[in-house]
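Per-entry structural report
Chain by chain, the residues run as shown.
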Amino acid sequence: MTLIDQRAFSTFQPLLYQVASSSLNPGDVTYFLRAARAKQRNLRVETGTVRTIEADKKRVILTDDRAVSYDYLVVATGVEANFFGIPGAEEHALPLYTRDQAVAIRDQFTARLEMSARARQSLRMVIVGAGPTGVETAGAFAELYDKDLPVLYPELDRADRSIALVDMAPRVLGGFSEESSDYTEEELEKRGVDIKLGKKVKEVREDGVLIEDSDTGEEDFLEGALIIWASGVGVPKAVSKWGLPQVGGGRIPVDERLRVEGHPTIYAAGDIARVGEGKGLPQLAQPAKQTGDYIGRDIAARIAGEELEPFEYADYGVLATIGRADAVAEITHMPRLTGFAAWMLWNSVHIGTLFGGRNRLASFVNLTSKYLLWSRNQNLIVGDIESRIRELIAQRKDRKARGKDPAKAGN
């Protein structure tokens, strides 16, 4: 068995917002791929980037010209940030879908905090996308603003710190019930998040976001020193060069046994696969886990000369956390939960599904100390702030040279 990945580690994406908001270490949510050999001794790991798939020769060609042969191939690349062609989004917004992106948000945020404290300027944040990632990120940073910054940065007035959550949809958490959406919106507003729904992002600039009201067409500009992009995902562009069929959104269509159409020895799993008709399954953790598990069993059955029943997806529900002791949970065959009970369930599910005992223990200790010692634990996890500050100062000088005022959005 050969595993090919461009990185040497796997990332647990649901907890990346905790890395971005300085609550978890990057290593807490990543797992060294070769460590999987402890339980899978026939595993071989190849780090590299796929250039193309030669299905007729049953081999994968990497960008450094290495060729990896296969009997059965599983495509499970996941997805990446989708900027939907919005001007300036890819250049100025910070996505939150990889470990490096989470660290970049953390480091830029803490560097801008230092700069704001020195210059007594405001620090405004705009989060684009009010799905689970956007909601959880907004809630985490709102509590950081409210609980940690008054202790760590007394120079900054609360009025100088703001978080805006923007989405063109009419409500937050569109995949949840209206009751959960209404509850989440109310709880975020209690934490000081400025929620702007029904607002389409027209342009992302280095000092903020231009939005347009979906009903009236009226435009408004939201100033922001930090713009976090949680608006949606898309299939990696490189997949289009692999010679596999693609449908809406670039996803790969598969049959009832998750085999790629026209390629019986190639499977697609998780976010990249279009299972069923229409848009297919949601691009969430449960479909990824279930399709991956089924493919493994189907390949084993084919090797043994057997055949499994067609794949059937089991919907176990959805979870989203809002902040300390607060979340929403809609679990199949259970009553809808909010508040502390939902939050405990969210923590149990996410910490329990992390790869590796060390990761689970480290995340549990970090999050427990943060939430149980709330009034006495304002120690943010930080990186090399000074080097990031130098980069921001250089960018500021460049903007001044181009005749733009960087102080509008607070640095």
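Let me begin by describing the structure that accompanies this report. (Residues numbered from 1 in each chain as written. Predicted model: local features only at pLDDT ≥ 70, side-chain atom pairs only at ≥ 80, totals over all residues. Heavy atoms only, no water.)

**Topic: the sheet that holds strand β15 (residues 208-213)**
What counts, and what does not: At least two bridges found by DSSP between two strands are what make those strands a pair. Helix and strand labels come from DSSP, where a helix needs a run of H or I of at least four residues and a strand needs a run of E of at least two; each type is numbered from the N terminus. Note on method: axes are straight lines fitted to C-alpha atoms, helices fitted across the in-contact stretch only, with angles between N-to-C directions ranging 0 to 180 degrees.
Strands sit in the order β14-β15-β16 across an open sheet of three strands; the sheet is antiparallel. Edge positions in the sheet fall to β14 (199-205) and β16 (219-223), since each has one partner strand and no second. Taken over all neighbouring pairs, the strand axes of this sheet differ in orientation by 25° on average, direction set aside. As judged from the five bridges shared by β15 and β16, these two strands associate in the antiparallel manner.

**Comments concerning the pairing of strand β12 (residues 161-167)**
Selection criterion: We call a residue buried when its accessible area falls under 20% of the maximum for its residue type, exposed when it is over 50%, and partly exposed in between, using a 1.4 Å probe and counting protein chains only. Every crossover in which the path from the first strand over the helix to the second runs clockwise, viewed with the strands pointing away from the viewer, is termed right-handed.
Counting buried positions along β12 yields six of seven residues, so the element is predominantly enclosed. By the bridge criterion, six bridges tie strand β11 (residues 123-128) to β12 in an arrangement that is parallel. Residue pairing across strands places Leu123 opposite Arg161, the latter belonging to β12. Following the chain from β11 across helix α4 (residues 132-152) to the adjacent parallel β12, one finds a crossover that is right-handed. As judged from the five bridges shared by β12 and strand β13 (residues 193-197), these two strands associate in the parallel manner. Following the sheet pairing, Val166 is matched in β13 by Lys196. Viewed along the sheet, the connection from β12 through helix α5 (residues 178-190) into β13 turns out right-handed.

**Some points on a nonpolar patch on the surface**
To be explicit about the condition: To count toward a patch, a residue needs a relative accessible area above 30% and no salt bridge. Like charges then connect within 9 Å, nonpolar side chains (Val, Leu, Ile, Met, Phe, Trp, Tyr) within 5 Å. Under the convention used here, a 1.4 Å probe and the Shrake-Rupley method define accessible areas, while residue burial counts only the protein chains that appear. By definition here, a salt bridge exists when the distance from a side-chain nitrogen of Lys or Arg to a carboxyl oxygen of Asp or Glu is within 4 Å.
The grouping of Leu361, Phe364 and Val365 at the surface amounts to a nonpolar patch, some 300 Å² of accessible area in total. Within the secondary structure, Phe364 is located in helix α8 (residues 357-372). Taking relative accessible area as the criterion, Phe364 reaches 45% and is therefore assigned partly exposed.

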